[in-house]
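Overview (structure and organization)
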Amino acid sequence: MASPTDTFRQSITYAVLTGRDAYGKPTLGPQATARARVQPSRRLIRDASGNEHLSAHVVYTDAVITLLHRVWLPGENVADFNRSRRPVAVDESVDGSGVVRFRKVWF
């Protein structure tokens, strides 16, 4: 039986936002890469605070990405923090036994 993760043929880079330095510049944890499927998506999404955002992309991945992470899509300069994207919402897809199979991350 085919799994949704079989379609994860792209690669994303992500890092958790750990805080800010003395000058207010964001500091990140170590970068990691993960298999993913990135697709354009124009949807109205509500964030955790209830604010509405028009998403531009949805990323399907089995990586543990939260709202505290920053993500670079395929082909983006991972050395440039300003190119990173902040997730607006993260949905988990859980199978019948309660195991998280993948996440949908909205940007």
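Since the structure is predicted, the reported quantities are computational estimates derived from the model, not experimental observations.

**Looking at the confidence of the model for the protein chain**
- Chain-level statistics for the protein chain give a pLDDT mean of 92 and a share of 98% at 70 or above.
- Confidence scores differ between elements of the protein chain, with strand β4 (residues 44-46) showing the lowest mean pLDDT of 90 and strand β7 (residues 69-72) the highest of 98.

**Considerations on the packing of aromatic side chains**
- A full pass over the atoms with the stated rule returns 2 aromatic pairs.
- For the pair F8 and F102, a centre-to-centre distance of 6.3 Å together with 80° between the ring planes defines the contact as edge-to-face. With F8 in the segment before β1 (10-20) and F102 in strand β9 (residues 100-106), the pair connects residues that are 94 residues apart, well separated along the chain.
- Owing to a relative accessible area of 4%, F8 belongs among the buried residues under this scheme.
- Seen in terms of ring centroids, Y60 and F102 are 6.1 Å apart; in terms of plane orientation they differ by 50°. Their pairing is tilted. Residue Y60 is found in strand β6 (residues 57-61), and its partner F102 is found in strand β9; the two are separated by 42 residues along the sequence. Comparing Y60 with F102, the two get one shared label, buried.
- Every member of this aromatic cluster is reached through a ring pair, and the members are F8, Y60 and F102.
- Between the NZ or CZ atom of R37 and the centre of the ring of Y60, over which it lies, the distance is 4.2 Å.

**Brief notes about the pairing of β1**
- Bridge count between β1 and strand β3 (residues 32-40): 5 bridges; the pairing is antiparallel. Each bridged residue has a counterpart across the sheet, and for T13 the counterpart in β3 is T33.
- Looking at chain direction, β1 and strand β2 (residues 26-28) are connected through 3 bridges and run antiparallel. Looking at the pairing, G19 lines up with T27 of β2.
- Between the end of β1 and the start of β2, which pair antiparallel, lie 5 residues, with G24 showing a positive phi angle near 90°.

The rules behind each value
- Residues numbered from 1 in each chain as written.
- Predicted model: local features only at pLDDT ≥ 70, side-chain atom pairs only at ≥ 80, totals over all residues.
- Heavy atoms only, no water.
- pLDDT = per-residue confidence, 0-100.
- Helix = DSSP H or I, 4+ residues; strand = E, 2+ residues; numbered from the N terminus.
- Phe/Tyr/Trp six-rings, centres within 6.5 Å; stacked < 30°, edge-to-face > 60°.
- Buried < 20%, exposed > 50% of the residue type's maximum accessible area, 1.4 Å probe, protein only.
- Lys NZ or Arg CZ within 6 Å of the ring centre and 35° of its normal.
- Pairing = 2+ DSSP bridges.

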